[in-house]
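Structural overview for review
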Amino acid sequence: MKLYEKRVMKVGKGYILDKVIGAEELFWIYDRLIKTPSWSLQRASYSKGIRFEFNGFPNLNIETKGEVYDEFLDGYFRSIIFRVKNTLKKEYGFNLPSEINRIHVGAKSSFSKTKFHTDSEIKTDWTILGFLNPVWNAEDGGEFFLENEKITYTGGRFIVFPSCVKHDGGYVINEKLSYWRIAVNIILSQPKND
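Here's a quick rundown of the structure. (Residues numbered from 1 in each chain as written. Predicted model: local features only at pLDDT ≥ 70, side-chain atom pairs only at ≥ 80, totals over all residues. Heavy atoms only, no water.)

1. Some points on the environment of Y92
For Y92, the location among the structural elements is in helix α2 (residues 71-92). Separated by 82 residues in the primary sequence, Y92 and K10 place their C-alpha atoms 9.0 Å from one another. (Helix = DSSP H or I, 4+ residues; strand = E, 2+ residues; numbered from the N terminus.)

Written out as structure tokens, the structure reads:
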């Protein structure tokens, strides 16, 4: 008999949701993302208006403030938002905001360095961060830090936290890694009329 695995847990100021995306879907979306032609190579992190120009990382912008750049991927990630929102409401009675501020996908390698930063200074904004690699070795690094909480990079895992909380994606330490560490970053805001 298999024991129940807790798929949702509270951590620090956020939540971890495991297995939001299953293995077959992860392989499919990873392949779809890396074959999408509109990646930019100039993404960098910001903190309080200061841009951190380290080694940057590739970025795939899906939607920003109502402007949709890829309709198919926008619809796909909106369905993920519904999965996450429904799970948090069911498990914790927590309602995430409903307006999409941004959806983007970032790809990192051992050359991609960032520093602790916030996604927004607005206290009511929330970030959904999803790990999209179907295969990942913990020894390769790439973990995530939510303030002082270290969260292992696991495919299909999503982390939900206030966008004003400092965080950072850990370095990919394997310099010989032949694939990218990919994550989706979604920022949700309260609708203007709320």
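2. With respect to the pairing of strand β10 (residues 158-162)
Of all the five residues making up β10, five are buried; the element is thus mostly covered by neighbouring parts of the structure. Pairing between strand β2 (residues 14-17) and β10: three bridges, direction antiparallel. The partner of Y15 across the bridge, within β10, is V160. The sheet contact formed by strand β7 (residues 126-131) and β10 spans five bridges and is antiparallel. What sits directly across from L129, in β10, is I159. (Buried < 20%, exposed > 50% of the residue type's maximum accessible area, 1.4 Å probe, protein only. Pairing = 2+ DSSP bridges.)

3. Observations regarding the environment of L188
The residue L188 is located in strand β12 (residues 181-189) in this model. The sequence separation of L188 and N101 amounts to 87 residues, and the corresponding C-alpha distance is 5.4 Å. Excluding residues that lie within four positions of it along the chain, L188 makes contacts with I81, L96, P97, E99, I100, T124, D125, W126 and I128. (Contact = heavy atoms within 4.5 Å.)

4. Quick notes on the packing of aromatic side chains
By the definition in use, this model includes twelve aromatic pairs. Between Y15 and Y92, the ring centres sit 5.0 Å apart and the planes meet at 55°, which makes this aromatic pair tilted. A residue pair is termed long-range when its members are at least 10 positions apart, and Y15 in strand β2 and Y92 in helix α2 qualify at 77 residues. In this structure Y15 comes out as buried when scored by relative accessible area, which is 8%. Between the aromatic rings of F131 and Y153, the centroid separation amounts to 4.3 Å while the plane-to-plane angle is 25°, which identifies the pairing as stacked. (Phe/Tyr/Trp six-rings, centres within 6.5 Å; stacked < 30°, edge-to-face > 60°.)

5. Thoughts on the side chain of H104
Along the polypeptide, H104 turns up in strand β6 (residues 99-108). Take H104: its relative accessible area is 6%, and that puts it in the buried class. Only 2.7 Å separates the side chain of H104 from the side chain of N59, close enough to count as a polar contact. (Polar contact = N/O pair within 3.5 Å; in protein donor to acceptor, adjacent residues only side chain to side chain.)

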